[in-house]
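Working through the structure, step by step
For reference, the chains in residue letters:
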Amino acid sequence: MTSWKTLHKWCTSYSADSVEWCPVQPYTDIFVCGTYQLDKTDEDGSTKKQKRLGRIYLFKVSDDMDEICPIQSIDTAGILDQKWSYNCIDGHPVLGAVTSEGSLHLYRLINLKLERWLEAVIGENVLALSLDWSTNKYNGNTSVIVSDSAGNVTLWKVDDTLEKVGEWQAHGYEAWIAAFNYWNLDVFYTGGDDCVLKCFDRKSPDVVMTNRSHEAGVTAIRSHVDVEHQLLTGSYDEKVRLWDARQMKRCLTETNVGGGVWRLKWHPNRKSVILAACMYGGFRLLRAEDTIEILYEYLEHESIAYGADWKFENKELSMVATCSFYDCNLRVGEINIDNTKVL
């Protein structure tokens, strides 16, 4: 029987919206939590732009610790999304973060500390909403794709600098998510508040595919690193959909998980298992085979479920981190997955 045990709890002070485990050995016991909060000192009735504050917390987790506490805290603008590259760059793990000030920041992990490395401005008066790395399956020719609140998507080459190599007007409203096809790095997908899923090729200025089957904004897209052509999407319409990237007219299967879907993460070594952050519905453990099955509902958070990720380890018990927004709640848990039919 599948179970989910809470091991640690921690208050993030600011509203928490993202957690990401480092996928690079030997640093897989490291994870970050990102936060986002309006500066309440600006609420004075003036018309000036409200400032969005943020903080990145760096944690190191061991099996014998009694409680978790960050080993580093970085004050920044509001954090909307963070993701680690699955491969080192110049010998270091690298974390990408996008902010409420419309910027992309890259941090290198050096001596268990995050050091600001590169940064770029995505756009003026926009929120940078999501990012994804090209290096999650194949190393080399490193790129980052970023989506923003104006509906744009920008592609950045990572070298000793961040160089913008492409820009697309993808959506009429917020482009909530942009994600690479990890098997074909010329291809990336976008999802917007206009309820549309799109596919682009970096070599073309025009959209390759447009799908309008989502019933609300498209908020999560995740290509499978280990299974070619498999793609997940999540939406405010509360459904998780599984796609074959070769045939995007209709999804292979879908299920209603409740609450609106914000994050989807494939298990690092169990190919059919998925962790989902379902906003007002808490967190879900899913299995996607012929259908998408809900294995477990984790409802211990008391606010919007935004951040969720797996620890990158191959053990019988899987460790996860989750976070929720207004209650400023970070939790680390241990999941025992029923092995029946799990690939």
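Predicted model only: the values in this text are computed from it and were never measured.

Regarding the overall build of the protein
Looking only at helices and strands, the protein features zero helices and 29 strands. What you see for the protein is a C-alpha radius of gyration of 19 Å, in line with the 20 Å of a compact globule of 343 residues. For the C-alpha atoms alone, the extent of the protein along its principal axes is close to 50 × 45 × 45 Å. Evaluated residue by residue, the protein yields a buried proportion of 62% over its 343 residues. Considering only contacts within the protein whose residues lie at least 6 apart along the sequence, 50% involve residues at least 24 apart. When the accessible surface of the protein is totalled, it reaches about 14,100 Å², and 45% of it is carbon and sulfur. Measuring between centres, the 36 positive side-chain charges of the protein sit 2 Å from its 49 negative side-chain charges.

Here's the deal with unusual backbone geometry
Put simply, Q25 and P26 share a cis peptide bond, and its omega is 0 degrees. Within the secondary structure, P26 sits in the loop between β2 (16-21) and β3 (30-35). With a phi close to 55 degrees, N111 is a non-glycine residue in the positive phi region. Positionally, N111 belongs in the loop between β9 (103-110) and β10 (113-121). In this structure N111 comes out as exposed when scored by relative accessible area, which is 73%. Backbone geometry at C328 places phi at a positive 50 degrees, although glycine is not the residue there. Classification of C328 by relative accessible area gives buried; the value is 10%.

Concerning the sheet that holds strand β24 (residues 273-277)
Read across the open sheet, the four strands follow the order β23-β24-β25-β26; overall the sheet is antiparallel. Because the sheet does not close on itself, it has two edges, and the strands there are β23 (263-266) and β26 (292-298). Sheet twist, expressed as the mean angle between neighbouring strand axes with direction ignored, is 25 degrees. Strand direction decides the pairing type here: β24 and strand β25 (residues 283-288), joined by five bridges, are antiparallel. Paired with I274 across the strands is L286, a residue of β25.

Details of the sheet that holds strand β1 (residues 3-11)
Either a parallel or an antiparallel arrangement is found when strands of a sheet pair, and the pairing is made through backbone hydrogen bonds. An order of β1-β29-β28-β27 is seen for the four strands of this open sheet, with the pairing classed as antiparallel. The sheet terminates laterally at β1 and β27 (305-310), the two strands that pair on one side only. Between one strand axis and the next, the sheet turns through 20 degrees on average, direction left out of account.

Some details on the pairing of β10
For β9 and β10, the ladder comprises eight bridges, and the chain directions are antiparallel. Residue pairing for β10: L104 is matched across the bridge by A120. Taking the residues between adjacent antiparallel strands as the criterion, β9 and β10 are bridged by two residues, where N111 takes a positive phi near 55 degrees.

Some thoughts on the pattern of salt bridges
A complete count under the given rule lists 23 salt bridges for this structure. Here R116 and E119 are joined by a salt bridge, their closest N and O atoms 2.8 Å apart. The exposure class assigned to R116 is partly exposed, which follows from its relative accessible area of 40%. Three or more residues joined by partner-sharing salt bridges are found here, namely E215, D237, K239, R241 and E254.

Section: the side chain of D132
Of note, D132 is situated in strand β11 (residues 128-133). At 2.9 Å, the side chain of D132 and the side chain of Y182 are in polar contact. With residues near it in sequence (within four places) discarded, D132 still touches K83, S143, V144, I145, A178, A179, F180, Y182 and R222.

A look at the nonpolar core
One recurring pattern in soluble globular proteins: nonpolar side chains tend to sit buried together. L104, L106, W133, V146, V158 and L162 are the most contacted members of the largest nonpolar core, which totals 27 residues. Among the elements of the structure, β8 (94-99), β9, β10, β11, β12 (143-148) and β13 (152-158) are those that each provide at least two residues to this core. Top contributing element to this core by residue count: β11, with four residues. L162 has contacts with L104, L106, L118, E119, A120, W156 and K157, leaving out every residue within four places of it along the chain. By size, the runner-up hydrophobic cluster in this structure holds 16 residues, among which are V19, W21, F31 and A321.

Points about the packing of aromatic side chains
All told, the structure shown has 18 aromatic pairs when counted by the stated rule. An angle of 35 degrees between the planes, with centres 6.4 Å apart, marks the rings of Y36 and F325 as tilted. Here F325 lies in the loop between β28 (317-324) and β29 (329-336) and Y36 lies in the loop between β3 and β4 (37-38), a separation of 289 residues in the sequence. Residue class for F325 comes out buried when judged on its relative accessible area of 10%. Relative to F188, the ring of W168 has its centre 5.0 Å away and its plane inclined at 70 degrees; by these criteria the two rings are edge-to-face.

Calculation rules
- Residues numbered from 1 in each chain as written.
- Predicted model: local features only at pLDDT ≥ 70, side-chain atom pairs only at ≥ 80, totals over all residues.
- Heavy atoms only, no water.
- Helix = DSSP H or I, 4+ residues; strand = E, 2+ residues; numbered from the N terminus.
- Rg over C-alpha atoms; globule rule 2.2 N^0.38 Å.
- Buried < 20%, exposed > 50% of the residue type's maximum accessible area, 1.4 Å probe, protein only.
- Contact = heavy atoms within 4.5 Å.
- Areas by Shrake-Rupley, 256 points an atom, 1.4 Å probe, with all protein chains shown as cover.
- Lys, Arg positive; Asp, Glu negative; His and termini not counted.
- Charge placed at Lys NZ, Arg CZ, Asp CG, Glu CD.
- Pairing = 2+ DSSP bridges.
- Axes fitted to C-alpha atoms, helices over the stretch in contact; angles between N-to-C directions.
- Salt bridge = Lys/Arg side-chain N within 4 Å of Asp/Glu carboxyl O.
- Polar contact = N/O pair within 3.5 Å; in protein donor to acceptor, adjacent residues only side chain to side chain.
- Core = buried A, V, L, I, M, F, W, Y, C linked by side-chain atoms within 4.5 Å.
- Phe/Tyr/Trp six-rings, centres within 6.5 Å; stacked < 30°, edge-to-face > 60°.

By themselves, these observations are geometric and do not establish any function.
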